[in-house]
Amino acid sequence: MHTKPVLDVSMVVANFNNGRYLEEFFRSILCSTALPRELIFVDDGSTDDSLAIARRACDVIENLNVIALPKNVGFANALNAGIAGSTSTYIMRMDPDDILMPTRIERQYDYITRHDLDVVGGNAHIFHSATGASIGSTNFPSEHADIEKTIIKGENGVLHATVLGRAALFKSEPYIQDNVPAEDYDIFARFLKRGARFGNFSEPLIRYRIHDTSASARLRYSTILRTYELRDSIFGGHTPRWKIRTYYWFIKCYRNYLDSRSVVTKYLWAGLSSLCYPQKLVRKIARRVAYRPGR
């Protein structure tokens, strides 16, 4: 029997072929200072050993519920399947290739209940999967007003894999598969439109893995275009294509800046990124300089 507190949270995880990361993921759950009332692991028709690893984990994680979908139905549909079967007041998102920080569940649950918010995200330490090297941390705005402005601009105001939100919202405004990989912007923009109150926990809640098959490593212009199309549809207005392309190239150049090992190429990518979005680059670099592993 565990002696850790069990909180009114359903952690929902959608998995497809992340078997090589799952043991580390499940270990991070076991090392958490508090546990979710249920951990709902939806395997979306994986063809690797994911399902076998998840079922073995049931022996040591007593609140783990493995849902094995007979075929791949897509990320958003898999999340909806997990959310539909949840029984807690809050849904916590987590991706199976990331690592939970030990105090995330306990501190984020305290934060959302103490501040009476509807959705609370947080920040993340970003690291390279192959080398384990840290490449920085995210810097999302903390207050609702700033998050609202960010989302209305067409940018993500919360980091999807760090979100804790009211289950009633997720069940009334489900994910839309056709909007993947912009499904995260879409669902939180719809929450905001309905009047949801947002916040972001300032400290990192997860270790966010960058690898060859991660969505972050495969950013496409079509994703940014779809995000702005959703923004215009939900909030009204028209975003010009030049602005969409500028924001896309800002993100591409900034990620190349993070990936660079040479000081010369870092300055090159930073310079190109600053031409696209000077103010945002300054904020990102300031956060990266402030972050030191182990502090």
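Up top is the structure.
Everything numeric here is computed off the predicted structure, so don't read it as measured data.

1. Some thoughts on the overall build of the protein
(1) Moving on: Scanning the protein from N- to C-terminus turns up eleven helices and nine strands.
(2) Moving on: Expected size for 295 residues packed as a compact globule is a radius of gyration near 19 Å; at 19 Å, the protein falls within 12% of this value.
(3) Moving on: Across its three principal directions, the C-alpha atoms of the protein cover 55 × 45 × 40 Å.
(4) Moving on: Across the 295 residues of the protein, 52% fall into the buried class.
(5) Moving on: Across the protein, contacts joining residues at least 24 apart in sequence account for 76% of those joining residues at least 6 apart.
(6) Moving on: Roughly 13700 Å² of accessible area belongs to the protein as shown, and the carbon and sulfur atoms make up 54% of that amount.
(7) Moving on: Of the side chains in the protein, 39 bear a positive and 31 a negative charge, and the two mean positions are spaced by 6 Å.

2. Regarding the state of the cysteines
(1) Moving on: For the structure shown, the criterion picks out zero disulfides.
(2) Moving on: The thiol of Cys31 is unpaired, and the distance to the nearest cysteine sulfur, on Cys58, comes to 18 Å.
(3) Moving on: Of the cysteine sulfurs around Cys253, a residue in no disulfide, the closest is that of Cys276, at 5.3 Å.
(4) Moving on: By relative accessible area, which is 6% here, Cys253 ends up buried.

3. Points about the packing of aromatic side chains
(1) Moving on: Evaluated as defined, the whole model comprises 14 aromatic pairs.
(2) Moving on: Ring centres 5.8 Å apart and planes at 90 degrees place the aromatic pair Tyr90 and Tyr109 in the edge-to-face group. Pair noted here: Tyr90 is in strand E4 (residues 90–93) and Tyr109 is in helix H4 (residues 104–114), with a separation of 19 residues, a long-range link.
(3) Moving on: Among the residues examined, Tyr90 registers a relative accessible area of 7% and is labelled buried.
(4) Moving on: Plain terms: the ring middles of Phe170 and Phe191 are 5.2 Å apart, the flat faces sit at 90 degrees to each other, and that makes the pair edge-to-face. Pair noted here: Phe170 is in helix H6 (residues 167–172) and Phe191 is in helix H7 (residues 183–193), with a separation of 21 residues, a long-range link. A single burial state applies to Phe170 and to Phe191, both of which are buried.

4. Thoughts on the packing of helix H1 (residues 19–30) against helix H2 (residues 50–57)
(1) Moving on: In the contact formed by H1 and H2, the axes pass within 9 Å of each other and the chain directions differ by 15 degrees. When the axis of H1 is compared with that of H2, the two are roughly parallel. You can see that H1 and H2 cross each other, and the crossing is right-handed. For the pair H1 and H2, the contacting residues are Gly19, Leu22, Glu23 and Phe26 in the first and Ser50, Ile53, Ala54, Arg56 and Ala57 in the second.
(2) Moving on: Looking at the contact of H1 with H2 residue by residue, the classes come out as five nonpolar, two polar and two charged.

5. What to know about unusual backbone geometry
(1) Moving on: Of note, the amide linkage connecting Val180 to Pro181 takes the cis form, showing an omega dihedral of 10 degrees.
(2) Moving on: Among the structural elements, Pro181 can be located in the loop between H6 and H7.
(3) Moving on: Even without glycine at this site, Asn17 takes up a positive phi of about 60 degrees.
(4) Moving on: Looking at where Asn17 falls in the secondary structure, it is placed in the loop between strand E1 (6–15) and H1.
(5) Moving on: For Asp116, which is not glycine, the phi torsion reads 50 degrees and is therefore positive.
(6) Moving on: For Asp116, a relative accessible area of 55% translates into the label exposed.

6. Considerations on the packing of helix H5 (residues 144–153) against helix H8 (residues 221–235)
(1) Moving on: Between H5 and H8, whose axes approach to 8 Å, the crossing angle comes to 110 degrees. It follows from the interaxial angle that H5 and H8 lie roughly perpendicular. For the pair formed by H5 and H8, the contact residues are Ile151, Ile152 and Lys153 on the first element and Tyr228, Arg231 and Phe235 on the second.

Calculation criteria
Residues numbered from 1 in each chain as written. Predicted model: local features only at pLDDT ≥ 70, side-chain atom pairs only at ≥ 80, totals over all residues. Heavy atoms only, no water. Helix = DSSP H or I, 4+ residues; strand = E, 2+ residues; numbered from the N terminus. Rg over C-alpha atoms; globule rule 2.2 N^0.38 Å. Buried < 20%, exposed > 50% of the residue type's maximum accessible area, 1.4 Å probe, protein only. Contact = heavy atoms within 4.5 Å. Areas by Shrake-Rupley, 256 points an atom, 1.4 Å probe, with all protein chains shown as cover. Lys, Arg positive; Asp, Glu negative; His and termini not counted. Charge placed at Lys NZ, Arg CZ, Asp CG, Glu CD. Disulfide = S-S within 2.5 Å. Phe/Tyr/Trp six-rings, centres within 6.5 Å; stacked < 30°, edge-to-face > 60°. Axes fitted to C-alpha atoms, helices over the stretch in contact; angles between N-to-C directions. Parallel < 35°, antiparallel > 145°, perpendicular 65-115°, else oblique. Left-handed = near helix turned anticlockwise from the far one by under 90°. Nonpolar A, V, L, I, M, F, W, Y, C, P; charged D, E, K, R; others polar.

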